[in-house]
Amino acid sequence: MPVFDVDNDHLEQVWKKPVSKALTELGDEGFVVAEGEACKLINKTNTIISLTGSVPLNSEGFAYLRKNGLAVFLDVDHAEIVRRCAIMKVDRIVGQATQSLSEILSYRSSVYNSNYDLRILVEVGANVQRVTDMVLDQLNKDQHFVSTRSGRTNEDFCEVVTKGLAKDRGLFFPCFVPAVTLRQLERLLPLDYAARCLRLMEMFPLAAISPKQLQAILEHAYQNWPTKDVLPLNHINHGLYELELFHGPTASFKDFALQVLPSLFQACAQVVSRETGSDSPTTYLFVVATSGDTGSACLQGFGSAANTPVVVLYPKGGVSPIQEAQMLAVKGDVCVIAVEGDFDYCQTLVKDLFNNQEFCSLVWNKYKGKLASGNSINWGRLFPQIPFAFHAYLELVKSGRVKMGERIDVCVPTGNYGNVLGVILAKKMGLPIDQIIVASNSNDVLTEFLTTGVFDLRKRELMKTVSPSIDILLPSNLERFLYLISGENSKVVAQWFSDLANHKHFTVPMELLRAAGIKGSSCSEADTLTTIGQVYQETGHILDPHTAVAYAVATRFAGEKNPMVIAGTAHYLKFPGAVAKALRLPLAEDCPMAQQVAALRSLTSQTPPHAALASLTARTPEKVCAAKAQAIQNTILAFLDSRRQ
Ligand SMILES: *Cc1c(COP(=O)(O)O)cnc(C)c1O
C-alpha cells in the first residue's frame, strides 16, 4: 500500500499554505474544524493514511476516515513523544501556543484511547522496524479458534463465546496467542488493573468486539469492588505473596471473569445474531456445574441480565454452607439444583447436555433457546483470568521487590485447571515466570499426573475436603494444557481422551511435562488446617482453606531465588467452619453462620468480604435431584416452562 501523509500530502495542497501558517491564522479550534473538513475530501482506498495528532480531535472528519478504514493507535509513552518533538523542533501542534506538549498529550489521551481499532503498545526506544512488525502482527492475527480434539475450526471469538464447547466435545483455543516484551510490560506499570487487562486482552483475537466495547465492559465489571485496589498483592512472609483475588461480590476469584463474561457474552450474542439474522436464539440458557464458587459468581453476573437464564448444578453436601446460602439467596432468572452426586458428575452431565441432540432440539424448538456455558470450558470465561499473573508481577516490580525481567514462581490451588491455565498462558506470552506449581488437596489426581505422566481415574473416588472448590478429579481445562504441551496436536489429545473414556486412564510422555515446567504437589486435610493455624500464629493473617493448600505446597518449592506468588482464591470468611477448626476456636458446629463469621472477623484487621456476603443466612435447597440425567433434564425443562408464564 502507498503511504499518504495528511500533513505533507494533503493539508498544504488543499489550503495552499504551510500547515504552521494555517494554525496561526485559524487558531486551535478553527484549525481542528478546517482539518476535519479537509479530511472529508480524502478519497483513498488501499492506502496507509498517516494522520496528524489533531485529526482524531474532530469527530466528524475522523469518523469519515474510519468508516472504511482501520484506525491503528500507535500508543507511545508521552515522555518519549516530548523528547522526540524537542529534537524535531515541531512548530505546528494544535494547542502549542498556550500549553506544554505534556498537557496537550494528557488531554488528547482520552480521545485517542476511545477511538481505535488496534492498539500497538509501543516500547520506549522501539525503532521503525519493530513498530512495523507489531502493526503487522496485530493486523494479520488469525481470528480463528481450534478445537483441542480436531484442530482448526471456522469459529471466531464471538462464536466461541456463545457456543462454549466445540461440536466434537473439544475445547476452543485461539490460533493466535500474542507475545509481550518486557519493555511493553514497562508501559503497563503506571496503569490500574482494568487498564492493564484491556491492553493484554485486546491483543488476542476478538472478532467484531471493539476495544471500546471491551474497555467499557472491564471498567463496569471492576467497579463493584469494595477495595480501591481491585487486586492487591500482600506479602505474607518468607518471600511468599498472596494475590488477593477475593474482594469481588461473591468473595472468590471467579468474580473476576464472571463479572466480565455476562456483558462480553451479550456483545458476542449481538454480533452472532447480526450475522445469522432471524435464525438466532432469543434465549441463552446457561447451564453451569459448580463446586461452590462458580455457581454464585455466575448467578451474580448473569441472573439479572435479560434472556440469559442460569441453571446451576451443585453437589449436595459438597459445598460450604455459605456457598450454598449464596447460591440459594440469588433471585431472578435462575434455577439452582442440588444434585445427589459429586462435582465431576455435575460437570460431565453439563457437557453431555451440550451434546444431547434431543435435549438441545427441544430447547430450540420450544423456547428458541441455545445452551451456553459459564464454566471455564468457555474461552470467554478463561480469557479474563490471564491478566492475574501479569498484575502480580507488575505489582512486584512496582514495589521494588523484583527487577523487570527477573523471574517469579507462582502456585495455584487447582480444581478445574482454569486459573492455573491463565498463568501458563501468561508465561507463554512472555511473562518471566520460572516455576508454576499446581496445588491439590487430597483429591490429588493432578499431582500424580504431573509427577508420573499417568492420569488415572481407575481407583479414584472423590473425597469431600475442607477446600470444596477444588474437590475435582476430572479438570476440564487440563485438555487445553494437554493441547499446548502436545505441540498443539489435536489428534494426540483426542487419543488421550478416548483412552480416558474407554479405559479411565491415559499416559503422557514425561518429556512433554518436564518441558512444560509445571510441577504438582498436594496437601492433606490435616496439613491444610495446620497451615491456617501456623500462618495465623506467625503473621496474624488468616488464609482460606484453598489458599492454605497452595501455601503449604508453595513452601516446599520456595527457594531463596524467586519470590513466590500464591493465588489467594477465596476470602477466609466463606469457610468459617474449617477456619474456626484450624484456629481451634470453640465454636459449636451448629452455631449460626452470622455468629461464626463475627467471631472470626474480630481476629484480624483483614479487609472484610464484599457486603453482599454479610447478610447471608443458611438456606435449604428447594430443588434436589437424584444423579440421573433424565431427572435433571426434567427439572430444567420445568424451569423453562415456568419462565414463559
Ligand atoms: C474455583 C476455585 C479454585 C480452583 O480454580 P480452577 O480454575 O477450577 O482450578 C480454587 N479455589 C477456589 C476458592 C475456587 O473457587
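**Here's the deal with the site of the ligand**
Okay, so step 1: Within the structure, the ligand sits among 15 residues, and Lys-254, Asp-293, Asn-416, Asn-419 and Thr-569 are positioned closest to it.
Okay, so step 2: Within the side chain of Lys-254, an N or O atom sits 2.6 Å from an oxygen atom of the ligand.
Okay, so step 3: Contact between the ligand and Tyr-417: an oxygen atom at 3.0 Å from a main-chain N or O atom of the residue.
Okay, so step 4: More than half of the atoms belonging to the ligand lie within 2 Å of the grid points that define the largest cavity.
Okay, so step 5: Grouping the amino acids of the shell around the ligand by side-chain chemistry returns 5 nonpolar, 8 polar and 2 charged.

**Comments concerning the pattern of salt bridges**
Okay, so step 1: The tally for this structure, following the rule as stated, stands at 28 salt bridges.
Okay, so step 2: As a salt-bridge pair, Arg-119 and Asp-75 come within 2.7 Å of each other at their nearest N and O atoms. Within this pair, whereas Arg-119 is found in strand β4 (residues 118–121), its partner Asp-75 is found in strand β3 (residues 72–75), the two being separated by 44 residues in sequence.
Okay, so step 3: Overall, Arg-119 belongs to the buried group, its relative accessible area being 6%.
Okay, so step 4: Residue Lys-366 pairs with Asp-641 through a salt bridge whose shortest N-O separation is 3.4 Å. Residue Lys-366 is located in helix α16 (residues 357–367), and its partner Asp-641 is located in helix α28 (residues 629–644); the two are separated by 275 residues in the primary sequence.

**Side note on unusual backbone geometry**
Okay, so step 1: In this structure, Lys-16 takes a positive phi of about 55 degrees despite not being glycine.
Okay, so step 2: Tracing the sequence through the fold places Lys-16 in the loop between α1 (6–15) and α2 (19–39).
Okay, so step 3: Given a relative accessible area of 70%, Lys-16 falls into the exposed group.
Okay, so step 4: Phi at His-238 takes a positive value of approximately 45 degrees, unusual for a residue other than glycine.
Okay, so step 5: Topologically, His-238 is positioned in the loop between β8 (233–237) and β9 (240–244).
Okay, so step 6: Take His-238: its relative accessible area is 63%, and that puts it in the exposed class.

**Quick word on helix α19 (residues 418–429)**
Okay, so step 1: With 12 residues, α19 ought to run about 16 Å at 1.5 Å a step, and its terminal C-alpha atoms sit 17 Å apart, in line with that.
Okay, so step 2: With 10 of its 12 residues buried, α19 lies for the most part within the structure.
Okay, so step 3: A positive phi of about 125 degrees marks Gly-430, the residue just after α19.

What counts, and where the lines are drawn
- Residues numbered from 1 in each chain as written.
- Predicted model: local features only at pLDDT ≥ 70, side-chain atom pairs only at ≥ 80, totals over all residues.
- Heavy atoms only, no water.
- Near = heavy atom within 4 Å.
- Polar contact = N/O pair within 3.5 Å; in protein donor to acceptor, adjacent residues only side chain to side chain.
- 1 Å grid on protein atoms, 1.4 Å probe; cavity = no way out; pocket = protein on both sides within 12 Å on 5 of 7 lines; lining within 4 Å.
- Sits in = over half its atoms within 2 Å of the grid points.
- Nonpolar A, V, L, I, M, F, W, Y, C, P; charged D, E, K, R; others polar.
- Salt bridge = Lys/Arg side-chain N within 4 Å of Asp/Glu carboxyl O.
- Helix = DSSP H or I, 4+ residues; strand = E, 2+ residues; numbered from the N terminus.
- Buried < 20%, exposed > 50% of the residue type's maximum accessible area, 1.4 Å probe, protein only.
- Expected span 1.5 Å × (residues − 1).

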